[in-house]
Number of protein chains: 2
Amino acid sequence: MTEFELIAHYFTRPVRRAALGVGDDCALLLPTPGMQLAVSSDMLVAGRHFFADVAPERLGHKALAVNLSDLAACGARPLAFTLALALPCVDPAWLAGFARGLLALADSHGCELVGGDTTRGPLNICITVFGELPAGQALLRSGARPGDDIYASGSLGDARLALLALQGHIALPAEPLARARQRLELPTPRLALGQALRGIASSAVDLSDGLLGDLAHILRASGVGACIDTRATSQLMAESARETSASSALDPELLRQCTLAGGDDYELAFTAPPALRAAVAAAAQASATPVARIGAVQAEPGLRLVDAQGQPVVNRYASFDHFQ
Amino acid sequence: MTEFELIAHYFTRPVRRAALGVGDDCALLLPTPGMQLAVSSDMLVAGRHFFADVAPERLGHKALAVNLSDLAACGARPLAFTLALALPCVDPAWLAGFARGLLALADSHGCELVGGDTTRGPLNICITVFGELPAGQALLRSGARPGDDIYASGSLGDARLALLALQGHIALPAEPLARARQRLELPTPRLALGQALRGIASSAVDLSDGLLGDLAHILRASGVGACIDTRATSQLMAESARETSASSALDPELLRQCTLAGGDDYELAFTAPPALRAAVAAAAQASATPVARIGAVQAEPGLRLVDAQGQPVVNRYASFDHFQ
């Protein structure tokens, strides 16, 4: 199969919204007048972001999901994406599965594949995603103000628990492992929540490297600090651990680590003024996404953890870094 | 050096034209009203698109140049790009050189780095580039009509000659080798020509895989055929071979192969009606880019080569394919 046959067979479909799609030198997009374009790019490397033997359908889903998650964090609506793919070989069954998972998620969000590149090389997937939102309404990392509430969506830590189990570091019963693995391999980008938070959240970030580490991006960009209530964050604990007896067999400190610094959760963390608590609750309900208030923004720089009694908890929860 | 220090040190500069650049979940772009956005993505893999020991400054240049070449082929003006980079390790000297070459070319075209991703992995560079052009004025592959002239810009084959020399398949004297290697490692995207051809060219493509192979994309997309005059294409022959005595030592058939199917030239091939020959010449002059007329579009599908006497020449010049 030639490079062009490969593209034609697996990745070319009739253009819908874009002016021109796969197969020319460039794709052409005509953004809606008055809308700003949000752009993000994520690269996934075999052995680092995924196991080389992961089901290709799940990998296709995840490669796009982690990019859509960045759009969610800005409050943007997905429009289109490009796919650059380095493949060690042409494996039709693998490619068919990958394309199926990728395009199913794309279709469910009206996000069109408009171009890209294929080449031979160590397995590498690079997606650049485009969304749009009304000019000036993007949720940025830099808008948090002292006194704002801090929130996180969904639950945290399942992906890390699954990773630890698949690596053989911990044991999980079959059912919670399957659930945790689903969170690791089939993350759900919180697009509806992100869009519902436009005009409400003062800042937002998506949780790819771990809650505390990603929250630190907001604090740094906003020039503020924060106090996080570990009693509240414990309510975010991985469903796979919380809902089964598996949790009793797991070290509580490990569960805290997974919740606070697990990574690969693709939930949103965001801030909003206390006066908008009802609006936040309404946005959560409208987007059918659970949201928990976990702390407050403070003027003093740094990130402080406190327990149920308001006593300091040592923060030893380093987030994931690809170069450390 | 952490992932974030790496990004901050080498790739973050004050935002100029984009609404929001490196460091948030998304970059934000506000296209000029009435303009269409042209998007293209290219992935470069070590050992396939470049030698792993190539000078990092040249690699930075080339990684962006091959993307800008796609914008040139559409007639778009560069706006911005994202960079996703997988690195086997953090080598400050390498990164400084790479960033220098990348950003020098970006600056010379007013093309702003607005975001991206860094991760550890086998060396892989994926750039997605954004340009703009008046809506409806893009040069497409599908517009060639029977009777149109066929043109190519600049000269062809130097990059392939350099590759063959560096691989040890042929010998080139130092001076022509340096010139050929410059074409391989520091290609010049024909942006000014592409923009000057808006409203003149009926179709265009950039020459990354070889003249005949890339021309075939135009023919297929336009549902036409072509006749190419090999006397005219011999005038496009690699400068490194033409201007020195090196050519006398090289097999003429090899030189023809490099000219017609060399790859990595990043010139433009395009078509235009014969009535617009003066306009094509003016566009070439205005953009200071040599252009040669090399054949004609025909209704009959397929690509035919003829010699100076109009006799058929067998086409055995296959273009490059990453999966063959």
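With an unreviewed UniProt entry as reference, chain A is termed Thiamine-monophosphate kinase, source organism Verminephrobacter aporrectodeae subsp. tuberculatae. Listed under Function (unreviewed entry) in UniProt, the entry text for chain A is "Catalyzes the ATP-dependent phosphorylation of thiamine-monophosphate (TMP) to form thiamine-pyrophosphate (TPP), the active form of vitamin B1." Word for word, the UniProt comment on chain A under Catalytic activity (unreviewed entry) is "thiamine phosphate + ATP = thiamine diphosphate + ADP".

Honestly, the domain arrangement of chain A in this entry has me stumped. Any pointers?
Accessible area lost on assembly of the parts is the figure often given for the size of an interface. All names here are of chain A. What the domain assignment reports for chain A is domain 1 (3-134) and domain 2 (149-313). Using only C-alpha atoms to locate each centre, domain 1 and domain 2 end up separated by 27 Å. The contact between domain 1 and domain 2 buries some 1700 Å² in all, and 63% of this surface belongs to carbon and sulfur atoms. It is Phe 51, Arg 58 and Lys 62 in domain 1 that bury the most area against domain 2; as a group they hold 33% of the surface buried on that side. At the junction of domain 1 and domain 2, the tally comes to two salt bridges. Of the charged contacts, one joins Asp 264 and Lys 62 as a salt bridge, the two residues approaching to 2.9 Å between their closest N and O atoms. Counting every contact that joins domain 1 to domain 2 gives six residue pairs in polar contact (both at pLDDT 80 or more).

Help me out: how do you make sense of helix H12 (residues 277-286) of chain B in this one?
Given 3.6 residues per turn, any residue in an α-helix points the same way as the ones three and four places further on. All names here are of chain B. Within the span of H12, buried status applies to Val 280, Ala 283 and Ala 284. Seen from one end, H12 has its buried residues packed into an arc of 100°, which puts them on one side. Exposed and facing more than 90 degrees away from the buried side of H12 are Ala 278, Gln 285 and Ala 286. Residues of H12 that are buried make contact with strand E6 (149-153), helix H6 (191-196), strand E9 (268-272) and strand E10 (291-298). Two residues or fewer past H12, Ala 288 is found with a positive phi of approximately 50°.

Sorry if this is basic, but what is going on with the pattern of salt bridges here?
If the charged atoms of two oppositely charged side chains come close together, the side chains can form a pair. What the rule picks out here adds up to 24 salt bridges over all chains. The salt bridge partner of Arg 304 of chain B is Glu 300 of chain B, with a shortest N-O separation of 3.9 Å. A cluster of three or more residues bridged by salt bridges with shared partners is formed by Asp 158, Arg 183, Arg 190 and Glu 267 of chain A.

Explanation requested: the interface of chain A and chain B in the structure shown.
Tallying the contact residues gives 64 residues for chain A and 64 residues for chain B. Around 5200 Å² of area is buried between chain A and chain B when both sides are counted, 61% of it from carbon and sulfur atoms. On inspection of chain A and its partner chain B, the count reaches zero salt bridges. Between the two partners, chain A and chain B, sit ten residue pairs in polar contact (both at pLDDT 80 or more). Elements with a contribution of two residues or more to the side of chain A that touches chain B: helix H1 (3-11), strand E1 (27-29), strand E2 (35-45), helix H2 (56-74), strand E3 (77-87), strand E4 (112-120), strand E5 (124-134) and strand E7 (203-206) of chain A. In terms of residue count, E2 of chain A provides more of the side of chain A that touches chain B than any other element does, ten residues in total. Of the residues in the side of chain A that touches chain B, the class split is 36 nonpolar, 16 polar and twelve charged. With three bridges connecting them, E1 of chain A and strand E2 (residues 35-45) of chain B associate as antiparallel partners. Counted as the bridge partner of Ala 27 of chain A is Val 39 of chain B from E2 of chain B.

I tried to follow helix H5 (residues 174-185) of chain B on my own but got confused; where do I start?
Relative to the 16 Å expected for twelve residues at 1.5 Å per residue, H5 of chain B spans 16 Å between its end C-alpha atoms, a close match to the ideal helical length. Those residues of H5 of chain B that sit buried are Pro 176, Ala 180, Arg 183, Leu 184 and Glu 185 of chain B.

Cut-offs applied
Residues numbered from 1 in each chain as written. Chains lettered and ligands numbered in written order. Predicted model: local features only at pLDDT ≥ 70, side-chain atom pairs only at ≥ 80, totals over all residues. Heavy atoms only, no water. UniProt positions renumbered as here; feature names shortened; annotations may be inferred. Domains from an automatic or database assignment. Buried area = accessible area lost by both parts, 1.4 Å probe. Salt bridge = Lys/Arg side-chain N within 4 Å of Asp/Glu carboxyl O. Polar contact = N/O pair within 3.5 Å; in protein donor to acceptor, adjacent residues only side chain to side chain. Buried < 20%, exposed > 50% of the residue type's maximum accessible area, 1.4 Å probe, protein only. Helix = DSSP H or I, 4+ residues; strand = E, 2+ residues; numbered from the N terminus. Arc of directions from axis to C-beta. Contact = heavy atoms within 4.5 Å. Nonpolar A, V, L, I, M, F, W, Y, C, P; charged D, E, K, R; others polar. Pairing = 2+ DSSP bridges. Expected span 1.5 Å × (residues − 1).

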